[in-house]
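Remarks on the overall topology
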Amino acid sequence: MRTTVLVVIATLPLAYLGAWVEQLYRKRQNAGYNQLLTWNRQGNTAIFAPHRLTAKALVEFFLLNFSLFWLCLLPLLIGLKTVRPWVAGGPQPTWTMLWIAACAGAILALRVRKAYALAAVSLLLGVLSSL
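The following refers to the structure shown. (Residues numbered from 1 in each chain as written. Predicted model: local features only at pLDDT ≥ 70, side-chain atom pairs only at ≥ 80, totals over all residues. Heavy atoms only, no water.)

1. Details of the side chain of Glu 60
Mapped onto the elements, Glu 60 comes out in helix α2 (residues 50-87). Given the relative accessible area of 19%, Glu 60 is considered buried. What Glu 60 contacts, discounting residues up to four positions off in sequence, is Tyr 25, Arg 28 and Gln 29. (Helix = DSSP H or I, 4+ residues; strand = E, 2+ residues; numbered from the N terminus. Buried < 20%, exposed > 50% of the residue type's maximum accessible area, 1.4 Å probe, protein only. Contact = heavy atoms within 4.5 Å.)

2. Notes on the environment of Tyr 33
Here Tyr 33 is to be found in helix α1 (residues 2-42). The sequence separation of Tyr 33 and Leu 53 amounts to 20 residues, and the corresponding C-alpha distance is 8.7 Å.

3. Digging into helix α3 (residues 95-108)
A rise of 1.5 Å per residue sets the reference length of α3, with its 14 residues, at 20 Å; its end C-alpha atoms lie 20 Å apart and thus fit the reference within 8%. Looking only at α3, the buried set comprises Leu 98, Ala 101 and Gly 105. Down the axis of α3, the buried set is contained in an arc of 65°. They therefore lie on one face. Of the exposed residues in α3, those oriented more than 90 degrees away from the buried face are Thr 96, Trp 99 and Ile 100. Looking at the buried side of α3, the elements it contacts are α1. (Expected span 1.5 Å × (residues − 1). Arc of directions from axis to C-beta.)

See the structure below:
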């Protein structure tokens, strides 16, 4: 259970990072879509080929996801290996803590500032009510 909680807590920033990268990638894909619309309106088939746009998008998508996977996984594995001996004798986390951390990751992936504020206020009220 300790290892699971460590992984969940360590991956919380990755939810926000993933949402940010997705937003950048969507902007890039919108540029490709605009090229497709321009090509379609002109009716000139010799200049632009939609199959190249599709192949390019698939290759970019694969390379982006593959590189992000390894860029996120390697530091997590190294960090988990380093931190694990220090946490071995600590208190055992409960399922409630695990659910709270998992929900925090879902909130971070929303990209809505009001959701961040509501989560922070709820966390603060929860901590204050337990005192």
